[in-house]
Amino acid sequence: MIRRIDSAPGLAPAIGPYSQAVVANGFVFTTGQVPFHADGTAPAAFEDQVRVCVENLRSVLETAGSGLDLVVKVNAYLTAPEQRDPFNRIYAEYFGEAKPARTTVCVDIWDIPFEIECVAVVREEASE
């Protein structure tokens, strides 16, 4: 069975023809989360942008019946090399002991300063 999550609580709706997450075969696959609040505003400081992205990711995961503690793979897209160290500091606050597998690249992604997506396991009680 496949379940699609079009809009998680507290997040802006998707701006294109995609789901914010898809649950399939006991996993949740998220779209890239960006550092914007539901009202379209974004913090100025990069560290705060990372926090908003991860909190948006948490919201999508919890809507799907998962959580940050169940993340197995993260893809992060930075837009400047100097973002790496502050990203790692904030990332460790959220994923410290869990240490999911991760790919982090530096790319140009339109007018978005940072993006993060993941694959996580769905909690057993949520998949029943």
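- In the nomenclature of an unreviewed UniProt entry, the protein is known as 2-iminobutanoate/2-iminopropanoate deaminase of Leucobacter komagatae.
- Under Sequence similarities (unreviewed entry), UniProt gives the following word-for-word description of the protein: "Belongs to the RutC family."

**Examining helix 1 (residues 46–63)**
Part 1 of the reasoning: Look at helix 1: 26 Å from first C-alpha to last across 18 residues, which is about the 26 Å you get at 1.5 Å a residue.
Part 2 of the reasoning: Considered for burial, the residues of helix 1 that qualify are F46, Q49, V50, V52, C53, V54, N56, L57, S59, V60 and L61.
Part 3 of the reasoning: On the buried face of helix 1, the contacting elements are strand 1 (2–5), strand 2 (21–24), strand 3 (27–30), strand 4 (71–78), helix 2 (84–95) and strand 6 (114–121).
Part 4 of the reasoning: Phi for G65, located one or two positions after helix 1, is positive at around 90 degrees.

**Examining the sheet that holds strand 5 (residues 101–106)**
Part 1 of the reasoning: A sheet is described by the order of its strands in space; here six strands give the open sequence 1-2-3-6-4-5, paired in mixed fashion. One side of each edge strand has no neighbouring strand; the edge strands of this open sheet are strand 1 and strand 5. Adjacent strand axes in the sheet meet at a mean angle of 15 degrees when their direction is disregarded.
Part 2 of the reasoning: The sheet contact formed by strand 1 and strand 2 spans four bridges and is antiparallel. Looking at strand 2, one finds that R3 is bridged to V23.
Part 3 of the reasoning: In the packing of helix 1 onto the sheet, contacts are made with strand 1, strand 2, strand 3, strand 4 and strand 6, and the angle to strand 6 comes to roughly 30 degrees.
Part 4 of the reasoning: Strands in contact with helix 2 are strand 4, strand 5 and strand 6; relative to strand 4, the strand with the most contacts, it is inclined by about 155 degrees.

**What about helix 2?**
Part 1 of the reasoning: Between its first and last C-alpha atoms helix 2 spans 15 Å; for 12 residues at 1.5 Å apiece the expected length is 16 Å, and the two agree.
Part 2 of the reasoning: Every buried residue belonging to helix 2 is among P86, F87, I90, Y91 and F95, and all of these are buried. For helix 2, the angular spread of the buried residues around the axis is 145 degrees, confining them to a single face.
Part 3 of the reasoning: On its buried side, helix 2 packs onto helix 1, strand 4, strand 5 and strand 6.

Definitions and limits used
Residues numbered from 1 in each chain as written. Predicted model: local features only at pLDDT ≥ 70, side-chain atom pairs only at ≥ 80, totals over all residues. Heavy atoms only, no water. UniProt positions renumbered as here; feature names shortened; annotations may be inferred. Helix = DSSP H or I, 4+ residues; strand = E, 2+ residues; numbered from the N terminus. Expected span 1.5 Å × (residues − 1). Buried < 20%, exposed > 50% of the residue type's maximum accessible area, 1.4 Å probe, protein only. Contact = heavy atoms within 4.5 Å. Pairing = 2+ DSSP bridges. Axes fitted to C-alpha atoms, helices over the stretch in contact; angles between N-to-C directions. Arc of directions from axis to C-beta.

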